[in-house]
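Structural features, examined
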Amino acid sequence: MSNYNVSSMFFGGFSSTSSFSGLIGEYAQIRSGAYKKLLRAYYGQYNADGTTKSTQTTSSPIRKQKTSSDTADSAKSLTSVSEAATTLQNAAMKLAEVKEGSSSLYAKKTMVDKAEDGTTTTRYDYDYDGVVNAVKSFVSAYNDTLDKVGKVSSPAVQQKTKWMMDVAAQYKSQLSEFGIEMDDNGRLSLKEDVLRGRDMTDIQDFFEGSNSFVNKLARKASALAGSAELQATKAASAYTSTGKTYPADSMNSGSIFDSLF
């Protein structure tokens, strides 16, 4: 640096008292070593060849940005709701699915009956056993979903469940005609003899299609599964002060978040 530049830098700005005060302040920082520390911090980011050094160290704590679910439920409980609702959706869609020919759940098929003595007979008939089992799976999945929801308090999950149950309640009398009874708590049960006593074309008309009861309920179950999954993801997104995630079965948006501070 030339004398001219040094003079310009240190004395060129003495036109006012404020400029002189600023210069004195900078000079004091130079003498105190502040500028030296600043330069070290700046050039310490680079290797000898000019490349940037890695800034991450194993000892530095890492904390991911926290999000909060709308409840203190554990991620594990919310995930259970999502899985149960997805199973319900699939069971409902099996009854609602429209297929052509013998691939349809409600179509006549070649049935083989086996007697106790091992002899078999063949007949062409409706597969009532297949329909009954499909309805059983639906009823079981519906009740299991309600059981899982009963263990969480998320307002979003509870609201989606209410909408799903409202759909079922609207069809209560029609469901009864096919052997599906609803109790005061909204749980379902199946009377097989009533279902088997109905004409298959009537069963098909009630369950099959995009505008059927089970299809409408499948959409509500899908919304419930998505809501529960979202809340579970939020509940599991908190990290400890060292960057480790909390166990899924201990996650909540209350005490766990409080422990981070």
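Counting from 1, residues in each chain are numbered in the order their sequence is written. The predicted nature of this model means local features are confined to residues of pLDDT at least 70 and side-chain atom pairs, given and counted, to a pLDDT of 80 or more, with totals for whole chains, interfaces and linings taken over all residues. Computation of side-chain values covers all heavy atoms of the structure but excludes hydrogens and water.

When a carboxyl oxygen of Asp or Glu lies within 4 Å of a side-chain nitrogen of Lys or Arg, that pair is called a salt bridge. Applying the stated rule across the entire model yields 10 salt bridges. Across the pair Asp-129 and Arg-196 runs a salt bridge whose closest N-O atoms are separated by 2.9 Å. With Asp-129 in helix α5 (residues 128-149) and Arg-196 in helix α8 (residues 192-196), this pair connects stretches of sequence that are 67 residues apart. You can call Asp-129 partly exposed: its relative accessible area is 44%. Residue Arg-187 is joined to Asp-147 by a salt bridge in which the shortest nitrogen-to-oxygen separation is 2.7 Å. Remark: Asp-147 occurs in helix α5 and Arg-187 occurs in the loop between β3 (180-182) and β4 (188-190); sequence separation between them is 40 residues. Only protein chains enter the accessibility calculation, which uses a 1.4 Å probe; a residue is then buried when its area is under 20% of its type maximum, exposed when over 50%, and partly exposed in between. Judged by its relative accessible area of 30%, Arg-187 falls in the partly exposed class. What you see here is one network of salt bridges that share partners, running through Asp-129, Lys-136, Glu-192 and Arg-196. Elements are defined by DSSP. Helices are runs of H or I of four residues or more, strands are runs of E of two residues or more, and each kind is numbered from the N terminus.

In this section: the nonpolar core. One finds Leu-95, Phe-138, Ile-203, Phe-207 and Phe-213 to be the most contacted residues of the largest nonpolar core, which totals 48 residues. Here, residues are in contact when the closest pair of their heavy atoms is within 4.5 Å. In this structure Ile-203 touches Tyr-106, Tyr-128, Val-131, Phe-178, Leu-195 and Arg-198, once residues within four positions along its chain are discounted. Buried residues of nine kinds, namely Ala, Val, Leu, Ile, Met, Phe, Trp, Tyr and Cys, make up a nonpolar core once their side-chain atoms join them within 4.5 Å.

Before going further, it helps to spend a moment on the side chain of Ser-82. Inspection of the secondary structure assignment puts Ser-82 in helix α4 (residues 75-96). With residues near it in sequence (within four places) discarded, Ser-82 still touches Ala-225, Ala-228 and Glu-229.

This brings us to the environment of Ala-218. Along the polypeptide, Ala-218 turns up in helix α10 (residues 213-235). When the C-alpha positions of Ala-218 and Lys-94 are compared, they lie 9.9 Å apart, and in sequence the two are 124 residues distant.

Stacked, edge-to-face and tilted labels apply to pairs of Phe, Tyr and Trp rings (six-membered ring for Trp) whose centres lie within 6.5 Å, assigned for plane angles under 30 degrees, over 60, and everything in between, in that order. Tallying each qualifying case throughout the model produces 8 aromatic pairs. Geometrically, the ring pair formed by Tyr-171 and Phe-206 is edge-to-face, given 6.4 Å between the ring centres and 65° between the ring planes. Taken as a pair, Tyr-171 in the loop between α6 (155-170) and α7 (172-177) and Phe-206 in helix α9 (residues 200-207) lie far apart in primary sequence, 35 residues in all. Owing to a relative accessible area of 9%, Phe-206 belongs among the buried residues under this scheme. Seen in terms of ring centroids, Phe-206 and Phe-207 are 4.9 Å apart; in terms of plane orientation they differ by 80°. Their pairing is edge-to-face. Assessed through its relative accessible area of 0%, Phe-207 is described here as buried. Taken together, the aromatic side chains of Phe-138, Tyr-142, Tyr-171, Phe-178, Phe-206, Phe-207 and Phe-213 make up a single cluster linked through ring pairs. Definition used: whenever NZ (Lys) or CZ (Arg) falls within 6 Å of the ring centre and also within 35 degrees of the ring normal, the charge is taken to sit over that ring. Here the basic side chain of Arg-198 rests over the ring of Phe-178, its NZ or CZ set 4.4 Å away from the ring centre.

Whenever a helix is involved, its axis is fitted only over the stretch in contact; in every case the axis is a line through C-alpha atoms, and angles between N-to-C directions fall within 0 to 180 degrees. At their nearest, the axes of α4 and α5 sit 8 Å apart, and the two run at 160° to each other. Classified by the interaxial angle, the pair formed by α4 and α5 is roughly antiparallel. Seen from above, α4 lies across α5 with left-handed handedness. Across the interface between the two elements, Ser-80, Val-81, Ala-84, Ala-85, Thr-87, Leu-88, Ala-91, Ala-92, Lys-94 and Leu-95 of α4 pack against Ala-134, Val-135, Ser-137, Phe-138, Ala-141, Tyr-142, Asp-144, Thr-145, Lys-148 and Val-149 of α5. Under this scheme an angle from 65 to 115 degrees is roughly perpendicular, one under 35 degrees roughly parallel, and one over 145 degrees roughly antiparallel; angles in between are oblique. Helix crossings fall into two classes, left-handed where the near helix is turned counterclockwise from the far one by less than a right angle and right-handed where it is turned clockwise.

Just distances and angles here, no functional claims.
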